[in-house]
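Residue-level structural notes
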Amino acid sequence: MKPVKVGVLGLGTVGAGVVNLLTRNGDEITRRAGRQICVTRAAVQNLDKTRDCPVNAIDLGTDCRAIVEDPEIDVVLELIGGDGEAYDLVMAAIANGKHVVTANKHLIALKGNDIFAAADEAGVVVSFEAAVAGGIPIIKAMRESLAANRIEWVAGIVNGTSNFILSQMNFEDVSFEEALADAQRRGFAEADPTFDIEGIDAAHKLAIIGSIAFGIPLSFDRIHTDGIQNLAADDIEYAAELGYRIKHLGIARRQETGVEMRVHPTLVPERALLANVEGEKNAIMVYGDAVGPTAYYGAGAGAGPTASSVVADLIDTARIMSVDPAGRVPHLAFQPDQITEERILEAPDFVCGHYFRVQVADKTGVMAEITGMLAELEIGIEAILQKDPPTAEDDARVIIITKSVREGILMQALDQIRALPTTREGLVHLRVAEFDD
Ligand code: HSE
């Protein structure tokens, strides 16, 4: 059979990883795919730059358009990033009847609905395994291997940079700034690291996971998104004292009234699997009604792991090139005409345990007042801690973990606590994980 010809847009770290992997494992890949997969063209910004892969067999140029319009190219591999030029090029590739493989979470999360509609119309496939959790085959697992299940929830560490920073702060006593600089040096932070630390990158990935889990349109801008940028080392310490680790999680969860889609720092019981995922590693748990909880762990970034997913997509693409478009695995797991809108819940409707820290005047009766307010609203207390603040000798810090409660009710209690004359500014609120593994 004729080789599959791949045109690559952007030959940076991941692109070089793909070429190296196709070269190193070429024979086995051909045996698996049923035909050879060859990168025949690539477009780069700077032709003079040294590449980390062999380029002698690649027609190297600077014109991305020429690749998406080249009738010889079967598959376009988009590795430019962002949702501007990359979107135009992917849509042009689709219009020209080419299959697309991309690692671009930003593009899929924001423009995936349009892209998949265009691809379905054109009878081509857009594959994006590397867009979520790098080398972990989570898209395939959810879309194919768990296809018999009703997915109840998905919870995961999907941003390696945030997880690395939290691990460093927790175990190495390193400051947030130092840990972020280290993540940047090691190469897994985004070019603009605010995408990592403000939770945007994790929200891109959660949008994709949530759609595949529930058969809903990609809904990035409806996701409740908090990053780790305001997390204080003190709260990491207090959480640890109470038996929890703080992890930056993406959570998609069904409720009777709709679905929760949220990304935020979360207290996870220290014995839970996700609490023990350290460094830049990613991990995702998926709960299916038939299978129960399942876990997926591995490298969420880096040339090798990302190339592993990209090349798997290229192999899948090679295999499906001869399959009737109607029989292909749907982009978002559900048949396109079965993607339905669901109510995506706002924060007041989230249901989980909560952690809050409040600084108060250290007077008799203050603690009783706070716990009384919680009792009045029928909010149960899981754990309670009192600490001296680092400054302000006459104050005390009260740290409380509540039992599971609707967030709107908790907010009422927190508003009342804030309004007490003995309460100082700066109440800290975090959520507690609400799933078992
Ligand atoms: N900046 C991302 C992360 C890279 O830290 O997870 C992989 O998507």
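Below: a short report on this structure. (Residues numbered from 1 in each chain as written. Predicted model: local features only at pLDDT ≥ 70, side-chain atom pairs only at ≥ 80, totals over all residues. Heavy atoms only, no water.)

Here we look at the nonpolar core
Core analysis: the biggest nonpolar cluster contains 58 residues, and Ile138, Ile208, Ile284 and Val286 have the highest contact counts within it. When residues of this core are traced back to their parent elements, those giving at least two are α3 (64-68), α4 (85-95), α5 (105-122), α6 (138-145), β7 (151-157), α10 (200-214), β10 (258-269) and β11 (281-288). With nine residues, α10 is the largest single contributor of residues to this core. Each of domain 1 (4-135 + 303-338) and domain 2 (138-299) accounts for three or more of the residues forming this core. Among residues more than four places away in sequence, those in contact with Ile284 are Val132, Ala133, Ile138, Val154, Ala155, Gly156, Val158, Ile209, Thr294, Ala295 and Tyr296. Core analysis: the next-biggest nonpolar cluster, separate from the first, contains 29 residues, Val18, Ile29, Ala33 and Leu314 among them. (Core = buried A, V, L, I, M, F, W, Y, C linked by side-chain atoms within 4.5 Å. Buried < 20%, exposed > 50% of the residue type's maximum accessible area, 1.4 Å probe, protein only. Helix = DSSP H or I, 4+ residues; strand = E, 2+ residues; numbered from the N terminus. Domains from an automatic or database assignment. Contact = heavy atoms within 4.5 Å.)

Topic: empty space enclosed by the protein
All chains considered together, the criterion is met by one cavity of 30 Å³ or more. In this structure, the largest cavity occupies an estimated 60 Å³ of space. Of all the secondary-structure elements, those providing two or more residues to the lining of the largest cavity are α7 (160-171) and β9 (244-255). (1 Å grid on protein atoms, 1.4 Å probe; cavity = no way out; pocket = protein on both sides within 12 Å on 5 of 7 lines; lining within 4 Å. Points joined across faces, edges and corners; volume = space filled by probe spheres on them.)

Overview of the site of the ligand
Contacts to the ligand come from 13 residues, most closely from Lys105, Thr161, Phe188, Glu190 and Asp196. With respect to the ligand, the side chain of Asn159 contributes an N or O atom lying 3.5 Å from an oxygen atom. Phe188 places a main-chain nitrogen or oxygen 2.7 Å from a nitrogen atom of the ligand. Counting residues per element, the ones that place at least two in the shell around the ligand are α7 and α10. (Near = heavy atom within 4 Å. Polar contact = N/O pair within 3.5 Å; in protein donor to acceptor, adjacent residues only side chain to side chain.)

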